[in-house]
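What the coordinates show
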Amino acid sequence: MASAPAFPVPATVAAHLPTGLLIGGEWRPSSSGATFPVHDPATGTDLFDVADATPQDGLAALTAAHEALPAWRAVAPRDRAELLRAVFETVTTRTEDFAALITAEGGKPLAESRAEVAYGAEYVRWYSEQAVRINGMTRTAPSGANRQLVLRRGVGPALLITPWNFPLAMATRKIAPALAAGCTVVIKPAGLTPLTTAYFAEVVRAELAERGLPPGVINVVPTSSSGDLVGPLLADPRLRKLSFTGSTEVGRVLLAGAAQGILRTSMELGGNAPFLVFEDADIPAAVQGAVVAKMRNAGQTCVAANRFLVHRSVVEEFSAGLTAAFEKLVTGPGSAPGTTVGPLIEAGAVDRVEEVVAQAVDDGATVTTGGGRPARRGHFYSPTVLTGVSPDARAVREELFGPVAPVVTFDTEDEGMDLANSTEFGLVAYAYTRDVGRAFRVAERIESGMLGLNRGMISDASAPFGGVKASGLGREGGEAGIEEYLESTYVAL
Ligand code: SIN
């Protein structure tokens, strides 16, 4: 457990914050004795030092997960469900603790962190309910010669690699269905934000211990050198499943590694979400939806609207509305009352956003608000609207991961749809229109796994979240999310 609390982590949380590796039910130091620091992105100061897992530690975690598998698979679905339900209750009761940690290490405003706790806890509740609804199948073969029976069971030990932008929700979105399905897990949280995941894992560990359930069901190995740790795990035949949320670039490397072991994989990768505003849209509603779709976590989400594609006849009204809305946002540390936009995760992220904005401006775009760093310590960038952006600018071709909204103009529905689909990514799209026929055309033509229709927010634990094209494989959440952790045995009778 950690020693002295560092602002803004409350002392009560710090006193119970595990900063080691969780292997086989025990928190322990790294086998090398090494640690690495976790920073507060609002100030750049160190919060805590966390044990730095070595490749040997990763393999020890897999051994624990592998050894716990038979006993965990044998636990009754109802008992797995009740464990998850108890975890949901504890997380919900400790909303303020979790929110403080999320804000401390990730920077997002406290109100958003509380929303993440509710969102993350909901995955646990949803899969506590799904644990008792894992259905097989039986039927008479079409020939009538025999019966078919399909049995389902957890695929086996799963490696879960989670990102820094939702340190609770991205962990629960993987851990909860895995445990509900009867899988055991090794989690490698993002090195930038390992604290929240550790705090959550401790809740699960304590529940397992209290119920006399196998301690190696959940294992956590934070590390400062992911590649070194993950490589040997992917090469180990005991591992049966890999679930990753992060960039497409890293996803490609992991998929190549997973190919050796023919692992089941779920990949939630990069996005480049178009936000379409048609000429018949309710513009004030579109502006409001745009702020939500863009500014959650200061634009640092895979589902952040990345490109605002607006019909020429309404572009002025929409851009003016968005500019006015951005000007009302308050940039500052996530823990400060009234903050609506927190810092970016690290200094390099601010440098990148700055470069992309400069390039758009060099190519003729106009900054209608923002366009620089506010005068304060920490990794901040001001909410920015760019109008008259070329469809070829980096600001629209690359995933921005920052509080910048580039506006591109189109003239016809066809042109808008072509622009929306002109990317290798296909995670989510947003569209505003009051024409029902157009809404259906968009839904049928859009190349993305999710569509927000007259809505700036699609995330929901009970819905299938995931992308097409280079945005990934598989779905998380909903009924589909647990399928990713199940395999089947077909029995011919
Ligand atoms: C992400 O940014 O990867 C996830 C966002 C969400 O679940 O809403």
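Scroll up for the structure.
Bear in mind that the values here come from a model prediction, so they are computed numbers and not experimental data.

The next point concerns the overall build of the protein. Looking only at helices and strands, one finds 16 helices and 20 strands in the protein. Computed over its C-alpha atoms, the radius of gyration of the protein comes to 23 Å, within 12% of the 23 Å expected for a compact globule of 493 residues. Oriented by its inertia axes, the alpha-carbon framework of the protein measures out at about 70 × 65 × 40 Å. Here the protein holds 493 residues, and the buried ones make up 58% of them. Taken as two groups, the 42 positive and 54 negative side-chain charges of the protein have centres that lie 6 Å from each other.

Moving on, we get to helix 6 (residues 169–181). With 13 residues, helix 6 extends 18 Å between its outermost C-alpha atoms, agreeing within 8% with the 18 Å of an ideal straight helix rising 1.5 Å per residue. Buried residues dominate helix 6, accounting for 13 of its 13 residues. Count one or two residues on from helix 6 and you reach Gly182, which has phi positive near 95 degrees.

Moving on, we get to the environment of Gln288. Turning to its location among the elements, Gln288 is positioned in helix 10 (residues 283–295). For the pair Gln288 and Gly456, spaced 168 residues apart in sequence, the C-alpha separation works out to 7.9 Å.

Before going further, it helps to spend a moment on the pattern of salt bridges. On inspection of all chains with the given rule, the structure shows 27 salt bridges. Residues Arg152 and Glu483 are paired through a salt bridge, measuring 2.9 Å at the closest nitrogen-oxygen approach. With Arg152 in strand 6 (residues 147–154) and Glu483 in helix 16 (residues 478–483), this pair connects stretches of sequence that are 331 residues apart. Among the residues examined, Arg152 registers a relative accessible area of 25% and is labelled partly exposed. A relative accessible area of 38% means that Glu483 is categorised as partly exposed. One salt-bridge network, held together by shared partners, links Glu279, Asp280, Glu413, Arg438 and Arg441.

It is worth spelling out the sheet that holds strand 6 at this point. Each strand in a sheet pairs with another by means of backbone hydrogen bonds, the pair being arranged parallel or else antiparallel. Strand order in this open sheet of three strands is 5-6-20, and the pairing throughout is antiparallel. Each end of this open sheet is capped by a strand with a single partner; those strands are strand 5 (137–140) and strand 20 (486–492). The sheet shows a mean angle of 15 degrees between the axes of neighbouring strands, direction not considered. Here four bridges tie strand 5 to strand 6, and the two strands are oriented antiparallel to one another. Paired with Thr138 across the strands is Leu149, a residue of strand 6.

A separate point is the packing of helix 4 (residues 95–106) against helix 7 (residues 194–210). Relative orientation of the contacting elements helix 4 and helix 7 amounts to 155 degrees, with a least axis distance of 8 Å. The angle between helix 4 and helix 7 places the two elements in the roughly antiparallel class. Here Asp97, Phe98, Leu101, Ile102 and Glu105 of helix 4 lie close against helix 7, whose contacting residues are Pro194, Leu195, Thr196, Tyr199, Phe200 and Val203. Its residues placed into classes, the contact of helix 4 with helix 7 shows eight nonpolar, one polar and two charged.

With that settled, the discussion passes to the site of the ligand. Around the ligand lies a shell of 13 residues, among which Tyr119, Arg173, Arg296, Cys302 and Ser459 are the nearest. Note that an oxygen atom of the ligand is positioned 2.7 Å from one of the backbone N or O atoms of Cys302. Protein chains bury 100% of the 260 Å² of accessible surface belonging to the ligand in isolation. Applying the majority rule of atoms within 2 Å of the grid points places the ligand in the largest cavity. Of the residues contributing to the shell around the ligand, the split by class is six nonpolar, four polar and three charged. In this structure, the shell around the ligand is formed jointly by two domains, domain 1 (11–269 + 471–492) and domain 2 (273–460), each of which donates at least three residues.

About the thresholds
Here the residue numbers are simple positions, counted from 1 along each chain's written sequence. Totals for whole chains, interfaces and linings use all residues, but because this is a predicted model, local features are given only for residues with pLDDT of at least 70 and pairs of side-chain atoms are given and counted only at 80 or more. To obtain the side-chain values, all non-hydrogen atoms of the structure were included, while hydrogens and water were left out. Counting from the N terminus, the helices are DSSP H or I runs at least four residues long and the strands are E runs at least two residues long. Each radius of gyration is computed over the set of C-alpha atoms, and the globule rule expresses the reference value as 2.2 Å times the number of residues to the power 0.38. Relative accessibility under 20% of the residue-type maximum defines a buried residue, over 50% an exposed one, and the middle range a partly exposed one, all with a 1.4 Å probe and only protein chains included. Only four residue types enter the charge count, namely Lys and Arg as positive and Asp and Glu as negative; His and the chain termini do not. Where a charge lies is defined by one atom per residue type: Lys uses NZ, Arg uses CZ, Asp uses CG and Glu uses CD. Multiply 1.5 Å by the residue count of a helix minus one, and that product is the helix's expected span. Within this document, salt bridges are pairs made up of a side-chain nitrogen of Lys or Arg and a carboxyl oxygen of Asp or Glu, the two lying within 4 Å of each other. Two strands qualify as a pair provided that DSSP identifies no fewer than 2 bridges between them. For helices, the fitted axis covers only the stretch in contact; all axes are lines through C-alpha atoms, and the angles between them, taken along N-to-C directions, range from 0 to 180 degrees. Between 65 and 115 degrees an angle is taken as roughly perpendicular, under 35 as roughly parallel, over 145 as roughly antiparallel, and anywhere else as oblique. Should any heavy atoms of two residues lie within 4.5 Å, those residues are considered in contact. As a working rule, the residues Ala, Val, Leu, Ile, Met, Phe, Trp, Tyr, Cys and Pro are called nonpolar, Asp, Glu, Lys and Arg charged, and the rest polar, with Gly in that last group. Working definition: residue near molecule or strand if any one of its non-hydrogen atoms lies within 4 Å of it. Any pair of nitrogen or oxygen atoms within 3.5 Å is treated as a polar contact; in protein, a donor-acceptor pairing is required on top of that, and neighbouring residues in sequence qualify only through side-chain atoms on both sides. Only the protein chains shown count as covering a residue, and every accessible area follows the Shrake-Rupley method with a 1.4 Å probe. In the cavity and pocket records, a cavity denotes points on a 1 Å grid over the protein atoms alone where a 1.4 Å probe fits but cannot get out, a pocket denotes an open set with protein on both sides within 12 Å along at least 5 of 7 lines, and lining residues are residues with an atom within 4 Å of a point. Just a note on the criterion: a molecule sits in a pocket or cavity if more than half of its atoms are within 2 Å of the grid points. Residue ranges assigned to each domain were obtained from an automatic or database domain assignment.

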